[in-house]
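Secondary and tertiary structure notes
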Amino acid sequence: MLNYIEPIAKLINQFARLPGVGQKTAQRYALRVVDMSEEEVRAFANALVEAKTKVKVCSVCGNLTDTDPCKICQTRDHSVICVVQEAKDVMAIERLGEYKGVYHVLGGVLNPLQGVNRDDLRFAELFQRLTGDVAEIIVATDTSAEGEATATYIARMVKNYGIKVTRLAQGISIGSELQYADEITLSRAFTNRREM
């Protein structure tokens, strides 16, 4: 790496800490910030601080929000709950503009090899939400082995409540992450979901 002056080197190091940002991209970002006006840099810094201080987790669904409960939980149909791994999956589904139900963010998937078990995820909160109003649970975990194991566990537990459980159709390739699915594939997966 080139020998940058300390302020730029620090900025490069901070950008490089972000997932998916390599050294060259970090350098490009840092140099772009240096080229910005002071007003643009302050707006950028303020947006970072505001996101960190104002964004919280919805007490109902576990999605990221600036209100509690989140706007989705406040305004949507609670008879259908789409269970996802992470908040980024909610964002992917919301891009479609088709789903009208609510969500439940687990915070990951079962992965005994990594030490992630039932108590580490938001299963208890999900099961507490299964009242007489809920007609369907849509399981939208990734198609990895861990995502499938999590989906199977949810299906087995939810069926005890007499609630229909469906899984997104397999238009999403095995081992892929939901957030990277294009809108058409994700839309078809929702439309063609199957009962578990």
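Keep in mind it's a predicted model, so treat the numbers as computed, not measured. (Residues numbered from 1 in each chain as written. Predicted model: local features only at pLDDT ≥ 70, side-chain atom pairs only at ≥ 80, totals over all residues. Heavy atoms only, no water.)

This part is about the packing of aromatic side chains. What characterises a pair of aromatic rings is the spacing of the ring centres plus the angle enclosed by the ring planes. Summed over all chains, the structure comprises six aromatic pairs. Seen in terms of ring centroids, Phe15 and Tyr29 are 5.4 Å apart; in terms of plane orientation they differ by 70°. Their pairing is edge-to-face. You can see Phe15 sitting in helix H1 (residues 6–16) and its partner Tyr29 sitting in helix H2 (residues 23–35), a full 14 residues away along the chain. A ring pair is formed by Phe127 and Tyr161, whose centres lie 6.3 Å apart and whose planes are at 20°; its orientation type is stacked. Taken together, the positions of Phe127 in helix H6 (residues 123–128) and Tyr161 in the loop between helix H7 (145–159) and strand E6 (164–167) put the pair 34 residues apart, joining distant regions of the chain. Using a relative accessible area of 41% as the deciding quantity, one classes Tyr161 as partly exposed. Taken together, the aromatic side chains of Phe123, Phe127, Tyr153 and Tyr161 make up a single cluster linked through ring pairs. (Phe/Tyr/Trp six-rings, centres within 6.5 Å; stacked < 30°, edge-to-face > 60°. Helix = DSSP H or I, 4+ residues; strand = E, 2+ residues; numbered from the N terminus. Buried < 20%, exposed > 50% of the residue type's maximum accessible area, 1.4 Å probe, protein only.)

Tracing the chain through its elements places Val165 in strand E6. Residues Val165 and Arg193, 28 residues apart in the sequence, show an inter-C-alpha distance of 9.8 Å.

It is worth spelling out the pairing of strand E4 (residues 101–105) at this point. Each regular strand shows side chains that alternate between the opposite faces of the sheet. Counting buried residues in E4 gives five out of five residues, a clear majority hidden from the surface. Inspection of the sheet shows strand E3 (residues 77–84) paired to E4 by five bridges, in the parallel sense. Paired with Val83 across the strands is His104, a residue of E4. (Pairing = 2+ DSSP bridges.)

What follows deals with H2. Counting along an α-helix, one turn takes 3.6 residues, and residues three or four places apart therefore face a common direction. Between its terminal C-alpha atoms H2 stretches 18 Å, which fits the 18 Å expected from 13 residues at 1.5 Å a residue. When H2 is considered as a whole, its buried residues turn out to be Thr25, Ala26, Gln27, Ala30 and Val33. Contacts from the buried residues of H2 go to H1 and helix H3 (38–54). (Expected span 1.5 Å × (residues − 1). Contact = heavy atoms within 4.5 Å.)

Following Asp68, the chain continues into Pro69 via a peptide bond in cis, with omega recorded as 0°. Inspection of the secondary structure puts Pro69 in the loop between strand E2 (64–65) and helix H4 (71–75).

What follows is about the confidence of the model for the protein. For the protein, per-residue confidence averages 91 on the pLDDT scale, and 93% of positions sit at 70 or higher. Ranking the helices and strands of the protein by mean pLDDT puts E4 first, with 98, and strand E7 (residues 194–195) last, with 70. (pLDDT = per-residue confidence, 0-100.)

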